[in-house]
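Structure assessment
Below are the chains, spelled out letter by letter.
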Amino acid sequence: RLAPRLLRTGVAMASPAGESEQPNATPCAIVLVLHGLFLAGCGCYGAYQHGWEKKVMHSAYSGIGSMTALVICAAMTASGVRKLYMIGVH
């Protein structure tokens with residue numbers, strides 16, 4: 001009988017042979033990219049509402065910067081490398 005993957009304390013246990021290390025990598029990466037696109041869209045829309053004035057461009061910059069960070073995390077999640085996967089999803 002296989003031991004559960006997580007103890008009640010939250011400590012990860014070794015996975016049985018043949019089980020995928022990153023069973024949900026693609027869905028997680030998709031969610032990260034979509035979240036990034038949403039933040040970039042909100043930031044750019046906020047700047048657009050005020051005529052792209054210099055005083056409100058921080059909205060667009062932060063949205064695009066957040067999207068960039070989330071896309072990098074998505075790439076790490078979908079890389080197939082366990083250590084990068086764990087960094088990307090957390």
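About the thresholds
Residues numbered from 1 in each chain as written. Predicted model: local features only at pLDDT ≥ 70, side-chain atom pairs only at ≥ 80, totals over all residues. Heavy atoms only, no water. Helix = DSSP H or I, 4+ residues; strand = E, 2+ residues; numbered from the N terminus. Buried < 20%, exposed > 50% of the residue type's maximum accessible area, 1.4 Å probe, protein only. Polar contact = N/O pair within 3.5 Å; in protein donor to acceptor, adjacent residues only side chain to side chain. Contact = heavy atoms within 4.5 Å. Expected span 1.5 Å × (residues − 1). Arc of directions from axis to C-beta. Patch = residues over 30% accessible without salt bridge, like charges linked within 9 Å, V, L, I, M, F, W, Y side chains within 5 Å. Areas by Shrake-Rupley, 256 points an atom, 1.4 Å probe, with all protein chains shown as cover. Salt bridge = Lys/Arg side-chain N within 4 Å of Asp/Glu carboxyl O.

1. Details of the side chain of threonine 77
With respect to the element layout, threonine 77 can be found in helix α2 (residues 57-77). Given the relative accessible area of 0%, threonine 77 is considered buried. In terms of polar contacts, threonine 77 uses its side chain to reach the backbone carbonyl oxygen of cysteine 73, at 2.8 Å. Those residues in contact with threonine 77 that sit more than four places away from it in its chain are Ala25, Cys28, Ala29, Leu32, Leu84, Tyr85, Gly88 and Val89.

2. Focus: the environment of glycine 43
Here glycine 43 lies in helix α1 (residues 25-49). On a C-alpha basis, the gap between glycine 43 and serine 62 in space is 6.8 Å, while along the polypeptide they are 19 residues apart. Beyond its immediate stretch of four places on either side in the chain, glycine 43 contacts Ser59 and Ala60.

3. With respect to the environment of leucine 37
The topology assignment puts leucine 37 in helix α1. For leucine 37 and serine 66, which are 29 residues apart along the polypeptide, the C-alpha to C-alpha distance reads 9.0 Å.

4. Details of α2
Helical geometry: 3.6 residues make up each α-helical turn, so side chains three or four residues apart lie on a common side. Under the 1.5 Å per step criterion, the end-to-end length of α2 is 30 Å for 21 residues, consistent within 8% with the ideal 30 Å. Every buried residue belonging to α2 is among Met57, Ser59, Ala60, Gly63, Leu70, Ala74 and Thr77, and all of these are buried. Seen from one end, α2 has its buried residues packed into an arc of 165 degrees, which puts them on one side. Counted as exposed and oriented over 90 degrees from the buried face of α2: His58, Tyr61 and Ala75.

5. Focus: α1
In a regular helix each residue adds 1.5 Å, so 25 residues correspond to 36 Å; α1 covers 36 Å between its end C-alpha atoms and thus fits that length. Every buried residue of α1 is accounted for by Ala25, Ala29, Leu32, Gly36, Ala40, Gly43, Gly46 and Ala47. Looking at the buried positions of α1, the neighbouring elements they touch are α2 and α3 (82-89). Glycine 51, located one to two residues past α1, shows a positive phi value of around 70 degrees.

6. Looking at a nonpolar patch on the surface
A cluster of nonpolar residues, Ile30, Val33, Leu34, Leu37 and Val71, forms a patch on the protein surface that exposes about 410 Å² of accessible area. Per-element accounting of the nonpolar patch gives the leading share, 4 residues, to α1. By the element assignment, leucine 34 lies in helix α1. Residue leucine 34 is classed as exposed on the basis of its relative accessible area, which comes to 52%.

These values are about where atoms sit, not about what they do.
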